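The residues making up each chain are set out below.
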Amino acid sequence: MIARHIKLVSAVVLPLVAAGCVTTDYSAKDAGFTNASSKSSEATGKQTVWVQNRQQAATVRDRVKALMARKTVDVETAVQVALLNNKGLQASYADLGDSAADAWQTQLSVLPTFSIGLTGIGTPGLEAYRVLEGAVAANILALATYDKNIKLADTRFRQAQLNAAIATISLAAETRRAWINAVAAWENVAYLNQAKAAADAASELAKKIGEAGSMPKAEQAREHVFYAELTGETAKARLEAKLAKEELIRLMGLSGSDIDFQIPNRLPTLPKTLLKRDDIEVESIHKRMDLQVARLELQATAQSYKLEDVTRFVTEIELVGAYEKERERDEGKILSDVGKTASLEFTIPIFDSGQARLRKGELAYMRAANQLAEFAVNARSQARSAYLAYKSNYDIARHYRNNVLPLRNAIEQQSMLTYNGMITSTFELIADSRDKIDSTILAVNAKRDFWLAEASLAPVVYGGGTGSASAETRVASADETKSGGH
């Protein structure tokens with residue numbers, strides 16, 4: 001009987017229909033993560049997971065334990081462990097969940113509210129009444145702006161997916177670079193130890209010759225100070241190597257006994273050929289996810305500007321459908337009468353023309369447009385710079401490998417021959433050996449720079465590298481802006 005007398009069916013049906021038109025399941029626990037993981041895998045070639053329960057956490061721990069069981073951790077293993085085990089990455093995935101929850105809340109904002117109550121009226125000497133009251137309320141402003149609000153929320157949701165992928169790519173690149181730096185640092189320590197051994201021998205020899213009276217004290221001091229300085233440099237290099245490995249450990253999210261792993265004592269050899277990326281500039285413009293985030297920011301700003309136009313005059317409006325059912329008792333008989341009421345409640349901000357908010361919307365849009373243009377220019381420049389560094393560092397590393405080191409080896413061999421023939425002195429032989437060590441360290445550093453440049457190619461193409469664009473401008477939805485302006 002109640003349903004028969006309620007005429008405001010649209011207040012209930014329209015919100016339900018509107019909420020049911022959205023195809024994205026924002027309520028899913030892993031909403032958007034599959035898409036974000038797919039995008040990041042294209043750049044990293046690795047798997048990642050979003051740990052949300054104990055079972056998933058246990059599975060990840062077992063996987064990490066299996067990967068760390070290897071005797072020596074190579075760069076690919078280090079990157080995979082970081083993507084599975086880094087807690088900061090897991091925290092960034094929570095931002096994706098927050099965005100999905102916001103979109104879900106927007107989706108539910110148009111649902112009506114229901115209320116029902118029973119009141120009694122009684123006066124001595126008169127009949128008693130019982131009044132049954134009920135109401136259905138729907139926010140007309142939410143209905144009017146629902147389509148635009150849900151589009152804005154969905155835009156933010158897509159931005160969150162891209163940001164999650166960018167965070168993944170960034171961590172992979174940082175871990176790769178940390179592994180390269182750590183291995184190169186320990187390779188330098190190995191060569192400095194060799195140089196230190198040669199300097200130690202020269203210092204000891206100078207001491208003995210000086211005791212025999214055949215070497216001036218100044219010459220003895222030169223050999224002693226060289227050994228002392230090299231000892232300090234070796235200690236510093238060892239410290240840098242330990243710190244570099246600690247950086248790798250942090251990125252991999254390891255602690256306890258898991259940190260007792262080994263890394264190679266030398267970097268991989270240079271590849272025979274370079275990757276052909278002559279179109280890297282165009283590829284970067286099409287694939288960089290931080291640029292896509294900036295484009296979505298421009299879109300979100302425009303969507304919010306349209307919301308301002310809808311809500312510039314009426315900030316609060318609500319449609320209320322209500323019914324009352326009165327029952328009158330008279331000599332044991334029940335007489336029923338049903339009354340129906342409907343009201344439209346709204347507030348008009350007389351002193352708020354909305355011009356200030358419209359102006360802010362225009363400025364926000366222009367800001368986002370200029371930021372997008374700047375990001376595009378920077379992305380193209382970064383792509384060109386990355387590929388130039390990649391090719392140039394390869395040529396430099398090859399030069400040390402193919403020209404400098406062979407010449408140093410030849411000098412050392414000739415010095416050994418002349419030393420055996422008693423043409424050169426022991427100190428000349430040791431000096432040549434020290435010079436070879438110096439050239440070897442330069443060659444190691446050149447090889448390290450090449451592999452670092454190679455590791456930077458994926459971030460400049462997909463986003464997530466140093467200097468990557470990020471959309472910082474945030475625009476408000478209708479609900480967030482309705483209180484501003486005079």
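Here the structure is a predicted model, which is why all the values come from computation and not from measurement.

## Re the overall build of the protein chain
Helix and strand content of the protein chain: 15 helices and four strands. Expressed as a percentage of the 486 residues in the protein chain, the buried residues total 41%. Contacts spanning at least 24 positions in sequence make up 83% of the contacts within the protein chain whose residues lie at least 6 apart. A total of about 26700 Å² of accessible surface is found on the protein chain, and carbon and sulfur atoms cover 55% of it.

## Overview of the pattern of salt bridges
Applying the stated criterion across every chain, the model contains 12 salt bridges. In this structure, Glu297 engages Arg156 in a salt bridge whose closest nitrogen and oxygen atoms are separated by 2.8 Å. Here Glu297 is found in helix 11 (residues 289-311), whereas its partner Arg156 is found in helix 8 (residues 146-211), with 141 residues between them in sequence. On the accessibility criterion, Glu297 (3% relative accessible area) is buried. A salt bridge links Arg288 to Asp290; the nearest nitrogen and oxygen atoms lie 2.7 Å apart. Asp290 shares its class with Arg288; the two are buried.

## Brief notes about the side chain of Ser40
Within the element layout of this structure, Ser40 appears in helix 3 (residues 33-44). Owing to a relative accessible area of 1%, Ser40 belongs among the buried residues under this scheme. Among the polar contacts made by the side chain of Ser40, one reaches the main-chain carbonyl oxygen of Ser37 at a distance of 3.0 Å. Every residue in contact with Ser40, bar those within four places of it in the chain, is listed here: Gly45, Thr48, Ala165, Thr168 and Ile169.

## A word on helix 10 (residues 280-287)
Restricting attention to buried positions, one finds in helix 10 the residues Ile280, Glu283 and Ser284. Seen along its axis, helix 10 keeps its buried residues to an arc of 100°; they face one direction. Residues of helix 10 that are exposed and point more than 90 degrees away from the buried face comprise Val282 and His286.

## Comments concerning the nonpolar core
Formed by 75 residues in total, the largest nonpolar core has its most connected members in Met68, Trp179, Leu248, Met252, Leu254 and Phe261. Here this core takes 18 residues from helix 8, the largest share from any one element. In contact with Leu254, not counting residues within four places along its chain, are Val64, Met68, Val81, Asn85, Ile249, Ile259 and Phe261. In this structure, Val189, Leu192, Ala195 and Ala241 belong to the second largest nonpolar core, which totals 11 residues.

## With respect to helix 6 (residues 87-108)
Helix length check: helix 6 (22 residues) gives 32 Å between terminal C-alpha atoms against 32 Å at 1.5 Å per residue, within 8%. For helix 6, every residue scored as buried is listed here: Leu89, Gln90, Ser92, Tyr93, Leu96, Ser99, Ala100, Ala103, Thr106 and Gln107. Measuring from the side-chain oxygen of the N-cap residue of helix 6 to the backbone nitrogen of Gly88 gives 2.9 Å; that N-cap residue is Asn86.

## Focus on the packing of helix 4 (residues 54-68) against helix 5 (residues 75-85)
Here helix 4 crosses helix 5 at 165°, and the two axes come no closer than 10 Å. The pairing of helix 4 with helix 5 is recorded here as roughly antiparallel in orientation. Here the hand of the crossing between helix 4 and helix 5 comes out left-handed. When helix 4 is examined against helix 5, the residues Val60, Arg63, Val64, Leu67 and Met68 are found in contact with a partner set consisting of Thr77, Gln80, Val81, Leu84 and Asn85.

## Some thoughts on the packing of aromatic side chains
According to the stated counting rule, one finds seven aromatic pairs in the structure shown. Between the aromatic rings of Phe33 and Tyr93, the centroid separation amounts to 5.0 Å while the plane-to-plane angle is 70°, which identifies the pairing as edge-to-face. Here Phe33, found in helix 3, pairs with Tyr93, found in helix 6; they are 60 residues apart in sequence, far enough to count as distant. Taking the relative accessible area as the measure of exposure, Phe33 reaches 9% and is therefore buried. An aromatic cluster is built from Tyr387, Tyr390, Tyr394, Phe450 and Trp451, whose rings are joined through pairwise contacts. Over the face of the ring belonging to Phe261 we find Lys245, whose NZ or CZ atom lies 4.8 Å from the ring centre.

## A closer look at the confidence of the model for the protein chain
Here the protein chain shows a mean pLDDT of 76. Residues at 70 or above account for 64%. Per-residue pLDDT, averaged within each element of the protein chain, yields its smallest value for helix 15 (residues 478-481) (40) and its largest for helix 5 (96). Low pLDDT (under 50) marks residues 1-20, which in the prediction has 30 contacts with non-local residues, meaning those over four places away or in another chain. Counted against residues more than four places away or in other chains, residues 312-320, with its pLDDT under 50, gives 47 contacts.

## Regarding the environment of Asp438
Relative to the helices and strands, Asp438 resides in helix 13 (residues 426-455). A relative accessible area of 43% places Asp438 in the partly exposed class. Sequence-wise, Asp438 and Arg408 are 30 residues apart; in three dimensions their C-alpha atoms are separated by 9.9 Å.

Definitions and cut-offs
- Residues numbered from 1 in each chain as written.
- Predicted model: local features only at pLDDT ≥ 70, side-chain atom pairs only at ≥ 80, totals over all residues.
- Heavy atoms only, no water.
- Helix = DSSP H or I, 4+ residues; strand = E, 2+ residues; numbered from the N terminus.
- Buried < 20%, exposed > 50% of the residue type's maximum accessible area, 1.4 Å probe, protein only.
- Contact = heavy atoms within 4.5 Å.
- Areas by Shrake-Rupley, 256 points an atom, 1.4 Å probe, with all protein chains shown as cover.
- Salt bridge = Lys/Arg side-chain N within 4 Å of Asp/Glu carboxyl O.
- Polar contact = N/O pair within 3.5 Å; in protein donor to acceptor, adjacent residues only side chain to side chain.
- Arc of directions from axis to C-beta.
- Core = buried A, V, L, I, M, F, W, Y, C linked by side-chain atoms within 4.5 Å.
- Expected span 1.5 Å × (residues − 1).
- Axes fitted to C-alpha atoms, helices over the stretch in contact; angles between N-to-C directions.
- Parallel < 35°, antiparallel > 145°, perpendicular 65-115°, else oblique.
- Left-handed = near helix turned anticlockwise from the far one by under 90°.
- Phe/Tyr/Trp six-rings, centres within 6.5 Å; stacked < 30°, edge-to-face > 60°.
- Lys NZ or Arg CZ within 6 Å of the ring centre and 35° of its normal.
- pLDDT = per-residue confidence, 0-100.

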